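Listed here are the chains, written in short residue letters.
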Amino acid sequence: MNKVIYKEQLSEDVFLMRLEAPLIAEEREAGQFIMLQIDEDFGERIPLTIADADEKEGSITIIFQIVGKSTKELAKFKVGDFIPTLVGPLGKPTHIENFGTVVCIGGGIGVAPLHPIAQALKKAGNHVITIIGARNKDLIILEKEMDAIADELIICTDDGSYGRKALVTEPLKEICERDPKPNMAIAIGPPVMMKFCSETTKPYKVFTQVSLNTIMVDGTGMCGGCRVNVGDEVKFVCVDGPEFDGHKVDFDNMITRLGSYKKIEHDKSECNLEKEAAKKEAEL
Amino acid sequence: MSYHSPEKIQKSAVENLNEVKKKEVLKPKDRMAIPAQEMPNQDPVQRAKNLEEVSIGYSAEQAQLEAMRCLQCKKAKCINDCPVGIDIPGFIKEIADGNFQEAINIIKNTSLLPAICGRVCPQETQCQMACTVGIGLKDIEKAVAIGRLERFVADWERATGNVRIPQVKAATGKKIAVVGSGPAGLVVAADVRREGHDVTIFEAFHKLGGVMRYGIPEFRLPNDIVDEEIETLKKMGVKVETNFVVGRTRKLVDLINKDGYDAVFVGTGAGLPMFMGIPGENLVGVFSANEYLTRANLMRAFDKDHADTPIYASKKVAVLGGGNVAMDAARMALRLGAEKVSVVYRRTEKEMPARNEEIEHAKEEGIEFNFLQNPKRIIGTDDGRVKAMECLRYQLGEPDASGRRRPIVIEGSEFIMDVDTVLVSIGNGSNPLISQTTPALGVNKWGNIVVNDEQKSSVNKIYAGGDIVLGAATVILAMGEGRRAAAAINKQLSDELKA
Ligand SMILES: Cc1cc2nc3c(=O)[nH]c(=O)nc-3n(C[C@H](O)[C@H](O)[C@H](O)COP(=O)(O)OP(=O)(O)OC[C@H]3O[C@@H](n4cnc5c(N)ncnc54)[C@H](O)[C@@H]3O)c2cc1C
Ligand code: SF4
Ligand code: FES
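What counts as what
Residues numbered from 1 in each chain as written. Chains lettered and ligands numbered in written order. Predicted model: local features only at pLDDT ≥ 70, side-chain atom pairs only at ≥ 80, totals over all residues. Heavy atoms only, no water. Contact = heavy atoms within 4.5 Å. Buried area = accessible area lost by both parts, 1.4 Å probe. Salt bridge = Lys/Arg side-chain N within 4 Å of Asp/Glu carboxyl O. Polar contact = N/O pair within 3.5 Å; in protein donor to acceptor, adjacent residues only side chain to side chain. Helix = DSSP H or I, 4+ residues; strand = E, 2+ residues; numbered from the N terminus. pLDDT = per-residue confidence, 0-100. Near = heavy atom within 4 Å. Nonpolar A, V, L, I, M, F, W, Y, C, P; charged D, E, K, R; others polar. Axes fitted to C-alpha atoms, helices over the stretch in contact; angles between N-to-C directions. Parallel < 35°, antiparallel > 145°, perpendicular 65-115°, else oblique. Left-handed = near helix turned anticlockwise from the far one by under 90°.

Undergrad: How should I be thinking about the interface of chain B and chain A in this particular structure?
TA: Interfaces are frequently sized by the accessible area removed from exposure as the parts join. Each side of the interface is counted separately: chain B has 47 residues, and chain A has 47 residues. Between chain B and chain A lies a buried interface of about 4000 Å² when both sides are counted; carbon and sulfur atoms form 52% of it. Among the residues chain B hides against chain A, the three largest losses belong to R248, N282 and D308 of chain B. Together they make up 20% of the total. Scanning the region where chain B abuts chain A turns up 5 salt bridges. D41 of chain A is the salt-bridge partner of K207 of chain B, the closest N and O atoms lying 2.6 Å from each other. Scanning the region where chain B abuts chain A turns up 23 residue pairs in polar contact (both at pLDDT 80 or more). Elements that contribute at least two residues to the side of chain B that touches chain A include exactly strand 5 (270-273), strand 6 (286-288), helix 16 (289-296) and helix 19 (433-437) of chain B.

Shown next as structure tokens:
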């Protein structure tokens, strides 16, 4: 049981929460995630990246977007409420060293997991260029925090409501064309965005690390539900990752697998709607 | 064997018992003549649609009759072949005499989880294989049903509502950590706690029990039974930390160095399900049996109206493999609404590692067995979902290293099987989390922790046992290792206390 000690709505459906979790705060490193359940018996286990941690306060920060039932319910938790199940930190930490110049690309909510990595990279002495992208101005998160770290910050929106009207791949390509080219790129965001970032950097041979958010059940290597093709190998994201070489990841298969239960979840909500409608009718 | 209703079985048991009781003394010949008692089961047609336990358990009359079949051998071979050395003739005699409490007390002297072992132990390859009666009647099926008797008295005790809580000695001030709450961990916790040491179990999941919770389904081992065993431990004062992944939440060695534990037992079980390595294995609709069963059991996806964790809606399911896990996955798929479930196995029924009983039950429920077949690739639809499987036929050749005849592919025998779901159940590697984060810990090439005959690992004060040492094994072997580890830990601690 972990107490919610702070909650903030970052945009229409994006929330930030600080949770009491002293052990995780002490052990976690950049790139790792937690899994939580909103109900111990019937809740599903959802993975969320640790966006930040405060060892003194004994807390971790998560940032999440409402995408399904669990995140919708999670958003209803108030300060003082307890999360029934929280486990972590899971996954391998990001390998941090002074690589030289690193481009950090965050798409939408992906800026949250990117932030601690960019922070650690900066601390290790890297020249950090950050690209943040979102559909529109309202969906840009952590701009101030990223600005504080980055040597160079580029903001893009799809609709041009803020920063450059472009997809993140546009400035990424320009940066790859610079001389000298960056030593490395890290892209975190929706799978399609990571796929195109990887395709953008590939011709320039700029090593690109991506952080995958597959379906997970246990998060400890026991089920294989999180598996992805990386090069010729099958990897388990929860124990071998979550970070992999973006040039080797089979994004198309990963995206298909993310949709494994799409139809089921959809059916379920529809059937709930039907149930509601039937109930209303009965009441009348 | 055809299905007999529980009523019919009970009726003949009562009649037989009355007959037998007429005799003053039972000679071995008379005992051997008592019919072996069949386990009453739920009707196969009905049970394939529910999750309730398949086997109902012996009645008191059946238990007594079955117990009377035991010859009380002087050199009871059954004891030698029991991994924890239960006094089998001893407890069986008490059942025959109607002293059920005494019977369970005898079992509990050596075994901690009789309700569980009685249900899931492979007795047919252990105690019952050695049983004189079975050998005499030249039919292993007719050996004394030791497991069913064990289960009977354990259930009897639970039904009385006052399960004996083992005595705990005065506090010693020593504390030990148990990592993982499968059978190995639970046994260590109990045995070490009895000596008065402080015990904390650390479990990665939100629920305790290990494979007994997330793997073995409700219809074979009801959760209530696992819960009850855990309650007993808690009543003994064992502490529990769920949602705690040792290696991640805390490094293994930090439990000793930072948190002051005097010893640690690692019972983290098998892990990393293996896949076939054939094309199409990452299509939507291909799952490891572990994933499928975890969704259904631990995450309760069978309760579709309440659970948030979804489970794939399947019509035609192929299960790859021939072990207990494969049987459980197949039977679970059926219960979750699949229309047709086929087990695809490279060898023949004789080589299947699954327990006979599971195979029989699966057949009764309508599971199809495709022997001497193996998939070559899995074929998907345009949107990446399983639609069929291309298989090859096999024949048996010479015996291989495991002593089983090696399957040889028949060239050009490819054929297509229509399926929408493939459950892969061909074994597990070892859980890498602890070894990844504990470089000093010695592991073999399969990643299993290497221990000496006292279950000690290469790191001082760290012990290990169960599947993480043995590779995927059994509940009773895990328990046996747990007992040995607990004895060694207790010795370490008492030496330290004396020093
Ligand atoms: C579907 C299925 C059916 C089976 N049927 C039978 C049967 O009929 N009869 C039989 O005898 N055996 C059967 N087995 C095998 C049997 O269940 C195992 O051999 C036995 O459970 C092993 O016990 P264990 O204590 O070593 O580990 P497990 O039962 O695997 O428990 C290990 C526990 O450790 C936890 N853990 C792992 N890593 C960590 C960590 N880093 N930190 C904290 N906790 C951790 C896990 O979450 C788990 O709860 C079956 C197995 C399966 C999967
Ligand atoms: S071997 Fe069989 S008959 Fe002999 S004591 Fe054991 S259970 Fe009884
Ligand atoms: S989530 Fe189960 S193995 Fe990764």
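Undergrad: Even after reading the chapter, I still don't get the confidence of the model for chain B, so can you show me in this structure?
TA: Detailed reading of the predicted coordinates is not advisable wherever pLDDT is low. For chain B, the mean per-residue pLDDT works out to 92, and 100% of the residues sit at or above 70. Quick note on the complex model: pTM equals 0.89, ipTM equals 0.86.

Undergrad: Got a minute to help me understand the site of ligand 2 in this structure?
TA: Every residue lining ligand 2 is accounted for by C70, L71, C73, A76, C78, P89, C131, T132, V133 and I146 of chain B. Of the residues that constitute the shell around ligand 2, the class distribution is 9 nonpolar, 1 polar and no charged.

Undergrad: For this particular structure, what's the right way to read the packing of helix 17 (residues 324-335) of chain B against helix 18 (residues 356-365) of chain B?
TA: A pair of packed helices is characterised by two quantities: the angle between their axes and the separation of those axes. Residues and elements named next belong to chain B. Running from N to C, helix 17 and helix 18 point in directions that differ by 25°, and their axes come no closer than 10 Å. Put simply, helix 17 runs roughly parallel to helix 18. Our pair here, helix 17 against helix 18, has a crossing hand that is left-handed. Residues N324, M327, R331, L334 and R335 of helix 17 form the contact with helix 18, whose participating residues are E358, I359, H361, A362 and E365.

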